[in-house]
Amino acid sequence: MPCALPYWKAVAIAHDQLVNAWLRGWPDETLSSRAYRLSASGKKHWPRKLIDTIFFWDREGARRHCELSFESECKLKQLPPEARGE
């Protein structure tokens, strides 16, 4: 079964995760998810604010890009359906 994401988006996410790993983050987490976690824990707010500003169109109601990315990670949406138990 092919990836449900467009090819360009899958490659962009892979690069995002690589940069996050280079910055000593979790290797399977995006910078956006990490920024939300840091902000939610009260440690750093500026990365989330910067990323949410760049991706201003990516929102669902009051939830913005970084929060949506974090929720996606928690729901394991980046994994193939077989790995999610589907």
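Structure shown above.
Residues numbered from 1 in each chain as written. Predicted model: local features only at pLDDT ≥ 70, side-chain atom pairs only at ≥ 80, totals over all residues. Heavy atoms only, no water.

Q: Residue-level account of the side chain of Glu 29, with values.
A: Of note, Glu 29 is situated in the loop between helix H1 (7–22) and helix H2 (31–40). On the accessibility criterion, Glu 29 (7% relative accessible area) is buried. (Helix = DSSP H or I, 4+ residues; strand = E, 2+ residues; numbered from the N terminus. Buried < 20%, exposed > 50% of the residue type's maximum accessible area, 1.4 Å probe, protein only.)

Q: An account of the environment of Glu 60 is requested, with residue identities and associated values reported.
A: Looking at the element boundaries, Glu 60 is found in strand S1 (residues 59–60). The sequence separation of Glu 60 and Ile 13 amounts to 47 residues, and the corresponding C-alpha distance is 20 Å. Among the polar contacts made by the side chain of Glu 60, one reaches the side chain of Arg 63 at a distance of 2.6 Å. (Polar contact = N/O pair within 3.5 Å; in protein donor to acceptor, adjacent residues only side chain to side chain.)

Q: Describe in detail the pattern of salt bridges, supporting the description with residues and values.
A: If you walk through the whole model with that rule in mind, you get four salt bridges. A salt bridge links Arg 37 to Glu 29; the nearest nitrogen and oxygen atoms lie 2.8 Å apart. Judged by its relative accessible area of 32%, Arg 37 falls in the partly exposed class. Here Glu 71 makes a salt bridge to Arg 63, at a shortest N to O gap of 2.4 Å. When its relative accessible area of 28% is taken as the criterion, Arg 63 is described as partly exposed. Each of Glu 60, Arg 63 and Glu 71 takes part in salt bridges that share partners, so that together they form one network. (Salt bridge = Lys/Arg side-chain N within 4 Å of Asp/Glu carboxyl O.)

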